[in-house]
Amino acid sequence: MPDCQNCGDYFSGDGGYDYCDDCEEYEEDYDNEGDDMPIRSGNPSLIMKGSNPLKFGFELEVESGRSDRQVTAQDLMEDMGGQPNDYLWVKSDPSINDGFEIASHPFDFAWWQANHESFAPIFRLPSKGVRSQQTRTCGLHIHMDRRGFKDTQHLYKFMKFIYDNPAFSKKMAGRKQSEMDQWGSLSKPQDEPECRCNCPTCEGRRRVKDGLLSKAELQSSGPRYTAVNTQGRNTIEVRMFKGTLNKCHFYANLEYLHATHQFTKGNRAIGNLNLKPFKEFAMKHNEDYPNLLTFMETKGL
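Residues numbered from 1 in each chain as written. Predicted model: local features only at pLDDT ≥ 70, side-chain atom pairs only at ≥ 80, totals over all residues. Heavy atoms only, no water.

Q: Sorry if this is basic, but what is going on with the pairing of strand β8 (residues 235-242) here?
A: On any regular strand, side chains alternate: one points to one face of the sheet, the next to the other face. By the criterion of burial, β8 is predominantly enclosed, with 7 of the 8 residues buried. Sheet analysis places strand β4 (residues 139-145) next to β8, joined by 6 bridges and oriented antiparallel. Of the residues in β8, the one forming a bridge with Leu140 is Phe241. With antiparallel pairing between neighbouring strands as the criterion, strand β7 (residues 228-229) and β8 make up a hairpin whose turn holds 5 residues. (Buried < 20%, exposed > 50% of the residue type's maximum accessible area, 1.4 Å probe, protein only. Helix = DSSP H or I, 4+ residues; strand = E, 2+ residues; numbered from the N terminus. Pairing = 2+ DSSP bridges.)

Here's what the structure looks like:
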């Protein structure tokens, strides 16, 4: 199945279409808006930042409030150094009420640590009436390059930590339960039968396969509106976060995903993917995760 050129999701097409049904109507807007209009529907050619294969890319949804969304987006891009831009672009999103989506070019964690202040204009948007966390629909979606995971087991353990610690994940996401259920559900996929027979290997027992392992193994497995969306060919998408223009919370979300990636890497046992060793890991690497640690302390995590 092809990738939607706007949102990056898979959709059932015959290869002759570039956009999913949700985004198709917005492609016409791209052609109708003048060249000086910053909000478009397509994606530019991606500019990779950093050499580590684990790349991150964010999509932050915002509402422009009382301001004209094109003017607000234009001001943001000018503050970022103009358009086209090596850091981000702005685009339409059918799920947002009178706003737009701020999308970044992919970067690795070391590049982010050295250059995150380049994104400072984003966090000045509230002074112009722009909102994200105070809205009903806005979210922060963070893509992670599949090539950054060691293997399927690594991706499985990464997701297992998120899904097996729902109270912690919900606090990190900053969403109400109803919003989690709608936009980034933490409901685990059902286990699947591995064998239904009575062969000697099974000894008459029905063996089952962890639904999260199936989700890690199979691209396009499971629904899109889940905490970790695995439908993408090149990336996984962590969808559970509420949109935020609070710099500390935004940084904490990125640090949380990097810390979880590193924590679940290697030979760590499945049974040891709980909060106590994770917090110890984050504190041991406090220089890498200052905003995560601050956020956890503030929220009593």
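Q: Before we go on, may I ask you to explain the pattern of salt bridges in this structure?
A: Under the counting rule described, the total for this entry stands at 9 salt bridges. Linking Lys128 and Asp79 is a salt bridge whose minimum nitrogen-to-oxygen distance equals 3.3 Å. Residue Lys128 is located in the loop between α3 (109-115) and β4, and its partner Asp79 is located in helix α2 (residues 69-79); the two are separated by 49 residues in the primary sequence. What makes Asp79 partly exposed here is its relative accessible area of 40%. Shared partners join several salt bridges into a network, and the residues in it are Glu59, Lys91 and Glu101. (Salt bridge = Lys/Arg side-chain N within 4 Å of Asp/Glu carboxyl O.)

Q: Help me understand helix α8 (residues 247-263) in this model?
A: It helps to recall that an α-helix has 3.6 residues per turn; residues three or four apart then point in one direction. For α8, spanning 17 residues, the distance from its first C-alpha to its last is 24 Å, which sits close to the expected 24 Å at 1.5 Å a residue. The element α8 is largely enclosed, with a buried count of 14 among its 17 residues. Capping the start of α8 is the job of one residue whose side-chain oxygen sits 3.1 Å from the backbone nitrogen of Cys248: Asn246. (Expected span 1.5 Å × (residues − 1). Polar contact = N/O pair within 3.5 Å; in protein donor to acceptor, adjacent residues only side chain to side chain.)

Q: In this structure, what is going on with the pairing of strand β1 (residues 56-63)? I would like to understand it.
A: The buried fraction of β1 amounts to 8 of the 8 residues, a majority that puts the element mostly inside the structure. Burial along β1 is two-sided: the residues Phe56, Phe58, Leu60 and Val62 and Gly57, Glu59, Glu61 and Glu63 are all buried. Pairing geometry for β1 and β4, over 5 bridges, is antiparallel. Each residue of the ladder has a partner; that of Phe56, found in β4, is Met144. The sheet contact formed by β1 and strand β3 (residues 99-104) spans 5 bridges and is antiparallel.

Q: Which parts of the structure should I look at to understand the environment of Phe278?
A: When you line up the elements, Phe278 lands in helix α9 (residues 275-284). Looking at Phe278, the relative accessible area reads 0%, which means it is buried. Not counting chain neighbours up to four residues away, the residues in contact with Phe278 comprise Phe161, Phe168, Tyr256, Ala259, Thr260, Phe263, Leu292 and Met296. (Contact = heavy atoms within 4.5 Å.)

Q: Before we go on, may I ask you to explain the sheet that holds β4 in this structure?
A: Paired through backbone hydrogen bonds, the strands of a sheet run either parallel or antiparallel to each other. Here we have 6 strands laid out as an open sheet, ordered β2-β3-β1-β4-β8-β7, and antiparallel in their pairing. Since the sheet does not close on itself, it has two edges, and those belong to β2 (88-91) and β7, each with one partner. Against the sheet, α2 contacts β2 and β3, and its axis sits at roughly 25° relative to β3. (Axes fitted to C-alpha atoms, helices over the stretch in contact; angles between N-to-C directions.)

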